[in-house]
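Here is what each chain is made of, one letter per residue.
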Amino acid sequence: MKKLAYLIIIISLPLLVFFQYRSYVRFNPPNSFGFVPSDGIDTDYHDAALLKTYYQLVYEIPAFARSQWSNKGIDVRYPEDDPDEIEAAAYYNKQLVMVNLIEEKLKKSYSLKQQGFGNIAIRKMEEEGLSIQEYRLLHTADLVGIKNGDRSSAVWELQKHLLKHGYDIPKDGIFDVKTEDALKDLQSKNDQFPSGIVDKRILPLLIKD
């Protein structure tokens, strides 16, 4: 009998602890109600209306949860089998999903700005579903075909990318022998014919960080 009693206690204890913990959590909810806004978001996001919506949700979500708990005894995180509680929890979770989606956008925008992109570039990437590499390829297509003797802003861009690859060349917009030699070296190192002319094959490697 003692063994049976011990067995019942061992089985029952975890359940008792679980329900006690759930009861504690239910009636001692944290101020945030499980939502803590991130620090790494873009506070100068290109869509001011979306940013405003984010800040409204950051305020309204915990406020709604606290009001439900204080005024109706409803913990929106752990609803009981009651229509009012289920409805309140559904609304709370819907708002959480929305704010998390917006926050991911703001965090991504913040990350892109750390890499040197501005609002115009970020908006275009979002609208057209472009990756960083795809965006850079799209906006460096005018480099294709430039060669020794050319003088232009496209040459300046080429030199900027070659400098990132460690080549000691001037950045003056003049395609001279030094620029040509650097380009040829980059082509050779990537198993491409060293033509010294920017083509579509070398372009992805040229703009790669």
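### Here we look at the pattern of salt bridges
Scanning all chains against the criterion turns up seven salt bridges. D42 is paired through a salt bridge with K113; the nearest N and O atoms lie 2.9 Å apart. Linking D42 in the loop between α1 (2-27) and α2 (48-72) with K113 in helix α3 (residues 83-114), this pair joins segments that are 71 residues apart in sequence. Judged by relative accessible area, which is 4%, D42 ranks as buried. Linking K160 and E157 is a salt bridge whose minimum nitrogen-to-oxygen distance equals 3.1 Å. With K160 and E157 both in helix α6 (residues 153-164), this residue pair falls three residues apart, about one helical turn.

### Structural notes on unusual backbone geometry
The residue D191 is not glycine, and still its phi comes out positive at about 60°. Here D191 shows up in the loop between α7 (177-189) and α8 (203-206). Owing to a relative accessible area of 69%, D191 belongs among the exposed residues under this scheme.

### What about helix α4 (residues 119-128)?
What α4 keeps buried is the set A121, I122 and M125. When α4 is viewed along its axis, its buried side chains cluster within an angular range of 100° and face the same direction. In α4, the exposed residues that point more than 90 degrees away from the buried face are I120 and E127. Lining the buried residues of α4 we find α3 and α5 (132-138). One or two steps after α4, the chain reaches G129, where phi turns positive at roughly 65°.

### Concerning the packing of α3 against α4
Across the interface, α3 lies against α4 with an axial gap of 10 Å and an inter-helix angle of 130°. Of the possible angle classes, the one that applies to α3 and α4 is oblique. As for how α3 packs across α4, the hand of that crossing is right-handed. Together, K105, S109, L112 and K113 of α3 and N119, I122, M125 and E126 of α4 make up the contact between the two elements. Looking at the contact of α3 with α4 residue by residue, the class counts come to three nonpolar, two polar and three charged.

### Section: the confidence of the model for the protein
Mean pLDDT over the protein stands at 87; residues scoring 70 or higher make up 83%. Within the protein, the lowest mean pLDDT, 60, falls on α1, and the highest, 96, falls on α7.

Basis of the calculations
Residues numbered from 1 in each chain as written. Predicted model: local features only at pLDDT ≥ 70, side-chain atom pairs only at ≥ 80, totals over all residues. Heavy atoms only, no water. Salt bridge = Lys/Arg side-chain N within 4 Å of Asp/Glu carboxyl O. Helix = DSSP H or I, 4+ residues; strand = E, 2+ residues; numbered from the N terminus. Buried < 20%, exposed > 50% of the residue type's maximum accessible area, 1.4 Å probe, protein only. Arc of directions from axis to C-beta. Contact = heavy atoms within 4.5 Å. Axes fitted to C-alpha atoms, helices over the stretch in contact; angles between N-to-C directions. Parallel < 35°, antiparallel > 145°, perpendicular 65-115°, else oblique. Left-handed = near helix turned anticlockwise from the far one by under 90°. Nonpolar A, V, L, I, M, F, W, Y, C, P; charged D, E, K, R; others polar. pLDDT = per-residue confidence, 0-100.

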